[in-house]
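Structural overview for review
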Amino acid sequence: MKTTILRKSIFALVIMFACGLFASAASPRNYLYDTKEVDGKIVSKVVFLNEEGLLNKEVKYEFSYNETGKVSEKKAYRWNKATGEWDPYYLISYQYNQETGEINSDYGMWDKKKKDFSFNKQQLVSPASAYDSIFS
């Protein structure tokens, strides 16, 4: 008798936990974007989280372009509520190899001690055909 009640209680807890997970997954976060363009190119984008009508700064991106008009650098910042300033987060530099048809990306996160983007350095090679999907 006790084991039956215990099993039913555990089953009910599991169902309630699963329903909670589904409910949180079903309510996506509401983001708004403030995009700045110069000559048809995005130079910065600020992402705000809309929470009950209040806009909270989350992330800011800055873009640089090379002489051919392709993105050469993407710099990300996170909003620091305590200081009221944008803190550097990561930097991705892009080089385009016409011979191989590849995009070489160098990624680095902000290192607070060194004051540069040398933490967790990584490299990625993508096909040039992926340009639109990377920067859309």
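Described in the following lines is the structure provided in the data block. Bear in mind that the values here come from a model prediction, so they are computed numbers and not experimental data. (Residues numbered from 1 in each chain as written. Predicted model: local features only at pLDDT ≥ 70, side-chain atom pairs only at ≥ 80, totals over all residues. Heavy atoms only, no water.)

1. Let's talk about the pairing of strand S6 (residues 102-111)
Heads up, the rule is: One bridge is not enough; two strands pair if DSSP finds at least two bridges between them. Strands are runs of DSSP state E lasting at least 2 residues, helices are runs of H or I lasting at least 4, and numbering of each runs from the N terminus.
As judged from the eight bridges shared by strand S5 (residues 85-97) and S6, these two strands associate in the antiparallel manner. When the bridges of S6 are listed, isoleucine 92 appears paired with tyrosine 107. Here S5 hands over to S6 after four residues, with glycine 101 in that stretch at a positive phi of 70°. Bridging between S6 and strand S7 (residues 116-127) involves eight bridges; their strand directions are antiparallel. The partner of serine 105 across the bridge, within S7, is leucine 124. Between S6 and S7, which pair antiparallel in sequence order, lie four residues; one of them, lysine 115, sits at a positive phi of approximately 60°.

2. Describing unusual backbone geometry
We count it as follows: For every residue, the accessible area obtained with a 1.4 Å probe (protein chains only) is divided by the maximum for its type, and the residue is called buried under 20%, exposed over 50%, and partly exposed between those limits.
In this model, lysine 115 sits at a positive phi of 60°, which is unusual for a non-glycine residue. With respect to the helices and strands, the residue lysine 115 is situated in the loop between S6 and S7. By relative accessible area, lysine 115 is classed as exposed at 60%.

3. Regarding the nonpolar core
For clarity, the threshold we go by: We define the nonpolar core as a collection of buried residues of types Ala, Val, Leu, Ile, Met, Phe, Trp, Tyr and Cys that are connected through side-chain atoms lying within 4.5 Å of one another. We call two residues in contact whenever any of their non-hydrogen atoms come within 4.5 Å of each other.
Membership of the largest hydrophobic core comes to 13 residues, with the highest contact counts inside it found for Tyr61, Val71, Tyr90, Tyr94, Tyr96, Ile103 and Tyr131. Only strand S3 (54-65), strand S4 (71-80), S5 and S6 provide two or more residues apiece to this core. With four residues, the single largest contributor to this core is S5. Every residue in contact with tyrosine 131, bar those within four places of it in the chain, is listed here: Gly69, Lys70, Val71, Tyr96 and Ile103.

That is the geometry; function is a separate question.
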